[in-house]
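If you want the building blocks of each chain, they are given just below.
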Amino acid sequence: MKKIRLIPRLDIKGPKLIKGIHLEGLRVMGDPQEFARRYYEQGADELLYVDVVASLYGRNSLHDIIERAARDVFVPLTVTGGIRSVEDVRKILRAGADKIGINTAATKRPELIREVARKFGSQCMVLSIEAKRIGDGRWEAYTDNGREKTGLDVVEWAQRGVELGAGEILLTSVDREGTREGFDTELLSAVSSVVPVPVIASGGMGRPEDAEKAVRQGSADAVAMADILHYGRSTVGEIRAAAKAAGLNLRTV
Amino acid sequence: MKKRDVITQYNLPTEVRFCKLCTVSNQRPRITFDENGVCSACNFANYKRTKINWEERERELVELCNRFRKGNGEYDVIVPCSGGKDGSFVAHQLKFKYGMNPLAVTWAPLKATEIGRRNLDAFIQSGFDNVLGTPNGQITRKLTRLSTQHLGDPFQPFIYGQTNYPMHMAVKHNVQLIMYGENGEVEYGGDMKNAFRPTREIKDHDKHYFSGLPPEFWVEHGVSQADLKPFMAPSYESIMENKTEIHFLGYYKFWDPQENFYYCREHTGFQPNTERSEGTYSKYASLDDRIDGYHYYLGYIKFGIGRTTSDAAHEIRDGKITREEGQALVRRYDGEFPQRYYQEFLDYCGITDEEFQAVVDSWRSDHLWRKTSEGWELKHAVWNDNGESQG
Ligand SMILES: [Zn+2]
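Basis of the calculations
Residues numbered from 1 in each chain as written. Chains lettered and ligands numbered in written order. Predicted model: local features only at pLDDT ≥ 70, side-chain atom pairs only at ≥ 80, totals over all residues. Heavy atoms only, no water. Helix = DSSP H or I, 4+ residues; strand = E, 2+ residues; numbered from the N terminus. Buried < 20%, exposed > 50% of the residue type's maximum accessible area, 1.4 Å probe, protein only. Contact = heavy atoms within 4.5 Å. Areas by Shrake-Rupley, 256 points an atom, 1.4 Å probe, with all protein chains shown as cover. Lys, Arg positive; Asp, Glu negative; His and termini not counted. Charge placed at Lys NZ, Arg CZ, Asp CG, Glu CD. Disulfide = S-S within 2.5 Å. Buried area = accessible area lost by both parts, 1.4 Å probe. Salt bridge = Lys/Arg side-chain N within 4 Å of Asp/Glu carboxyl O. Polar contact = N/O pair within 3.5 Å; in protein donor to acceptor, adjacent residues only side chain to side chain. Phe/Tyr/Trp six-rings, centres within 6.5 Å; stacked < 30°, edge-to-face > 60°. Lys NZ or Arg CZ within 6 Å of the ring centre and 35° of its normal. Donors = N, O, S within 2.8 Å, 3.2 Å for Na, K, Ca; no water. Tetrahedral: all angles 85-135°; square planar, octahedral: opposite > 155°, others 65-115°. Axes fitted to C-alpha atoms, helices over the stretch in contact; angles between N-to-C directions. Left-handed = near helix turned anticlockwise from the far one by under 90°. Nonpolar A, V, L, I, M, F, W, Y, C, P; charged D, E, K, R; others polar. pLDDT = per-residue confidence, 0-100.

**Q** How would you sum up the overall build of chain B? Please name residues and give values.
**A** When its secondary structure is counted, chain B shows 18 helices and seven strands. C-alpha atoms of chain B, sized along the principal axes, occupy 70 × 50 × 40 Å. Counting every position in chain B, which comprises 391 residues, the buried fraction comes to 57%. Sequence separation of 24 or more characterises 75% of the internal contacts of chain B that already satisfy a separation of 6 or more. When the accessible surface of chain B is totalled, it reaches about 16,500 Å², and 48% of it is carbon and sulfur. For chain B, the distance from the average position of its 49 positive side-chain charges to the average position of its 55 negative side-chain charges is 1 Å.

Have a look at this one:
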């Protein structure tokens with residue numbers, strides 16, 4: 001049985017950790033380093049950093065935050081937001097990231113996925129997809145933190161991304177993001193059933209039980225969580241215990 | 001269509017200047033700039049953060065509530081509320097924190113959105129009595145067309161009702177207190193005489209909200225007195241006799257629209273849109289009406305100030321974004337044409353695309369716009385403004 005990973009998601013704007021709803025109304029939560037250290041100590045398997053305004057403002061400002069994190073957080077770090085070129089990838093890996101996620105730039109130039117995978121390996125290349133439901137069993141990929149349509153069908157885009165070399169998919173439901181209503185398990189299963197690579201569920205985690213649903217109903221390989229942790233409604237440890245009690249296979253801390 | 005004289009009609013400065021701290025320009029009607037080039041709204045935002053004793057203000061609020069509290073089962077405050085984040089916040093605070101018995105009053109949108117209706121329903125479900133005033137659809141459409149053609153703003157009939165209907169309900173239900181959220185004139189830049197007091201003078205209504213044109217104006221254009229009645233204020237005597245007072249919660253409590261959004265998510269079932277509104281980047285403000293976009297777009301044409309400029313200016317003042325971020329947002333979204341409901345809007349008004357475009361062009365003032373081979377372009381844009389003093 002595959003091992004499920006628990007991944008705190010840190011949305012970043014400028015120097016601050018923020019949290020929105022549907023990726024909007026960005027509320028400042030504090031210093032990302034403090035949150036990162038706390039989640040590391042609680043036993044997070046990995047950390048996910050998202051520069052949520054990178055595309056919007058055409059900038060890329062996670063280097064310093066990642067450098068700091070890499071010094072005292074010893075789990076894999078994935079960084080996404082505003083990465084537009086192989087050179088951007090090189091810089092962020094050098095700062096201490098282990099994997100990079102690409103969304104906007106990949107929808108504009110899918111070849112970038114192949115270039116990154118060739119240069120740094122597929123295990124490093126995470127395709128980030130923001131999915132918005134547009135009908136029964138259909139989702140459209142969005143960019144710019146759920147602001148802009150691409151016209152791409154999420155399931156087809158995920159398959160194409162994997163063909164081009166993506167080694168993992170970060171799948172965020174724009175509709176559920178920040179709502180605490182649970183993951184869109186239909187979306188998860190639609191994607192995870194057609195791609196051979198791991199899928200990270202993101203958007204909607206409200207209660208510890210939601211992690212189990214993402215895995216059992218959505219076949220997710222990893223669960224990203226933000227609101228539930230940032231507001232202290234639960235801890236990584238509690239979520240791990242709940243998932244284990246439900247019979248999921250997780251790393252033992 | 002005859003060219004409008006925007007400068008005279010709105011008393012605009014002929015030389016465009018941008019506030020050094022936010023994204024707004026001196027083209028916003030009634031805004032003032034100080035000697036350092038900072039707008040009145042930014043100065044107020046600073047004043048609000050540094051000078052006001054909010055504990056003292058909250059005590060004033062409690063006194064106010066006590067003065068109007070009835071305790072006999074009757075409504076003691078009217079809260080104008082669309083189900084959006086601001087009105088819902090006001091109603092919920094008054095009822096559940098200050099123990100008032102509010103009646104929430106809604107004036108129907110011209111053409112409601114699904115998300116707007118859903119949020120109003122959720123608000124009512126969260127524990128409120130609500131009256132919804134819905135005027136004659138044919139007359140509303142006719143007024144929307146007329147005000148688009150004559151004022152360059154489809155929102156005028158909605159604004160009449162939104163402003164006047166709560167006063168009708170106050171008189172009808174014998175309620176003396178009407179509580180609004182923020183005072184837009186103060187928070188967004190306008191007549192500052194209201195900055196230092198909690199109330200609004202009813203005689204200011206025509207000037208600030210009706211562009212000097214009360215509902216009666218439209219008799220000239222073939223709308224009967226009877227048809228205009230629902231849009232009109234109750235008689236001045238009945239308002240006075242009722243001892244109606246209009247207050248702003250923003251005077252008594254620190255006003256932060258983004259925090260209102262979070263509050264309403266927790267307490268009144270409010271949900272933001274999953275898509276951003278056209279002409280801006282935001283997803284949780286002003287969601288109720290499909291006609292919205294045309295109101296903001298025409299504001300962009302008239303004053304060079306679109307929805308993004310206003311949203312960004314406010315978020316800069318609230319410390320949510322920097323001026324530089326605001327400039328990037330304005331550059332990206334401010335001039336976006338609201339395409340999503342365009343055909344619906346035209347059908348609703350009963351005008352053609354050409355007629356609407358003629359209205360738009362009639363409001364393009366030479367001091368703001370120039371025509372290039374690419375199309376119309378603003379002569380002065382905030383994203384080119386470095387915030388240095390130009391004096
Ligand atoms: Zn300003």
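Read on, since the account is not over.
**Q** Hey, could you go over the state of the cysteines for me, with residue numbers and the actual values?
**A** Residue and element names in this part refer to chain B. Scanning all chains against the criterion turns up zero disulfides over all chains. Cys264 carries a free sulfur, and the closest cysteine sulfur to it, the one in Cys81, is 8.0 Å from it. For Cys264, a relative accessible area of 0% gives the class buried.

**Q** How would you explain the interface of chain B and chain A if you had to name every residue and give the values?
**A** Of the residues lining the interface, 23 residues belong to chain B; the matching set on chain A comes to 30 residues. Both sides of the chain B and chain A interface together cover about 2,100 Å² of buried area, and 43% of this is carbon and sulfur. Our enumeration of links across chain B and chain A arrives at seven salt bridges. Between Glu325 of chain B and Lys13 of chain A there is a salt bridge; the shortest N-O distance is 3.1 Å. Our count for the contact surface shared by chain B and chain A stands at 16 residue pairs in polar contact (both at pLDDT 80 or more). At the level of elements, helix 13 (257–267) and helix 16 (323–333) of chain B are the ones that each hand at least two residues to the side of chain B that touches chain A. Ranked by the residues each element gives to the side of chain B that touches chain A, the list is headed by helix 13 of chain B, at six residues.

**Q** Tell me what's going on with the pattern of salt bridges, and back it up with residues and numbers.
**A** Using the criterion set out here, one finds 45 salt bridges over all chains in the structure. With its nearest N and O atoms 3.2 Å apart, the salt bridge here joins Glu87 of chain A to Arg90 of chain A. Highlighted residues: Glu87 of chain A and Arg90 of chain A, both in helix 4 (residues 86–94), separated by three residues, approximately one helical turn. Since its relative accessible area comes to 29%, Arg90 of chain A is described here as partly exposed. Three or more residues joined by partner-sharing salt bridges are found here, namely Arg180, Asp227 and Arg233 of chain A together with Arg265 and Glu266 of chain B.

**Q** Break down the packing of aromatic side chains for me, citing the residues and quoting the values.
**A** Evaluation of the coordinates by the stated rule reveals 29 aromatic pairs over all chains. Arranged with centres 6.4 Å apart and planes meeting at 55 degrees, the rings of Tyr10 of chain B and Trp363 of chain B form a pair that is tilted. Taken together, the residues span a long stretch of sequence, with Tyr10 of chain B in helix 1 (residues 6–10) and Trp363 of chain B in the loop between helix 18 (353–362) and strand 6 (369–372) at a distance of 353 residues. Taking the centre distance of 5.2 Å and the plane angle of 50 degrees together, the rings of Trp107 of chain B and Tyr165 of chain B count as tilted. With Trp107 of chain B in strand 2 (residues 102–107) and Tyr165 of chain B in helix 7 (residues 156–172), this pair connects stretches of sequence that are 58 residues apart. For Trp107 of chain B, a relative accessible area of 9% translates into the label buried. On the accessibility criterion, Tyr165 of chain B (14% relative accessible area) is buried. The lysine or arginine in question, Arg38 of chain A, covers the ring of Phe35 of chain A, its NZ or CZ lying 4.7 Å from the ring centre. For the cation-ring pair, Arg364 of chain B lies above Trp369 of chain B, with the distance from its terminal atom to the ring centre recorded as 4.6 Å.

**Q** Which residues make up the coordination of the zinc ion, and what values go with them?
**A** All names here are of chain B. Around the zinc ion, the protein contributes the donor atoms Cys19 (SG), Cys22 (SG), Cys39 (SG) and Cys42 (SG), at 2.3 Å from the metal centre. Note that the zinc ion binds four donor atoms; their angles at the metal cover 105 to 113 degrees, and the shape is tetrahedral. One chain supplies every donor for the zinc ion, spaced along it as C-x2-C-x16-C-x2-C. Each member of the pair Cys19 and Cys22 is classed as buried.

**Q** Requested: an account of the environment of Leu287 of chain B, with residues and values cited.
**A** Residue and element names in this part refer to chain B. By the element assignment, Leu287 lies in the loop between helix 13 and helix 14 (292–303). Residue classification places Leu287 among the buried residues on the basis of a relative accessible area of 7%. Separated by 95 residues in the primary sequence, Leu287 and Val382 have C-alpha atoms spaced 26 Å apart. Ignoring anything within four residues of it in the chain, the contact list for Leu287 reads Thr113, Ile115, Gly116, Asn119, Phe270, Gln271, Pro272, Asn273, Ser277 and Asp292.

**Q** Let's hear about the packing of helix 6 (residues 111–120) of chain A against helix 7 (residues 154–164) of chain A: which residues, and what values?
**A** All names here are of chain A. Between helix 6 and helix 7, the shortest axis-to-axis distance is 8 Å and the interhelical angle comes to 35 degrees. Note on packing geometry: the crossing formed by helix 6 with helix 7 is right-handed. Side by side, helix 6 and helix 7 meet where Glu111, Ile113, Arg114 and Ala117 of the first sit next to Trp157, Gly161 and Leu164 of the second. Among the residues forming the contact of helix 6 with helix 7, the class breakdown is four nonpolar, one polar and two charged.

**Q** I'd like a rundown of helix 16 of chain B, residues and numbers included.
**A** Along helix 16 of chain B, the residues that are buried comprise Arg323, Glu325, Gly326, Gln327, Leu329, Val330 and Tyr333 of chain B. Structurally, helix 16 of chain B contributes buried residues whose contacts are with strand 1 (5–13), helix 2 (54–57) and strand 9 (148–153) of chain A together with helix 15 (307–317) of chain B.

**Q** How would you sum up unusual backbone geometry? Please name residues and give values.
**A** Residue and element names in this part refer to chain A. With a phi close to 65 degrees, Arg180 is a non-glycine residue in the positive phi region. Structurally, Arg180 is set in the loop between strand 10 (168–173) and helix 8 (185–192). The class for Arg180 is partly exposed, based on a relative accessible area of 25%.

**Q** Which residues make up the confidence of the model for chain B, and what values go with them?
**A** Confidence in the prediction of chain B, expressed as mean pLDDT, is 92, and 94% of residues score 70 or more. Reported confidence for the predicted complex is 0.81 by ipTM and 0.89 by pTM.

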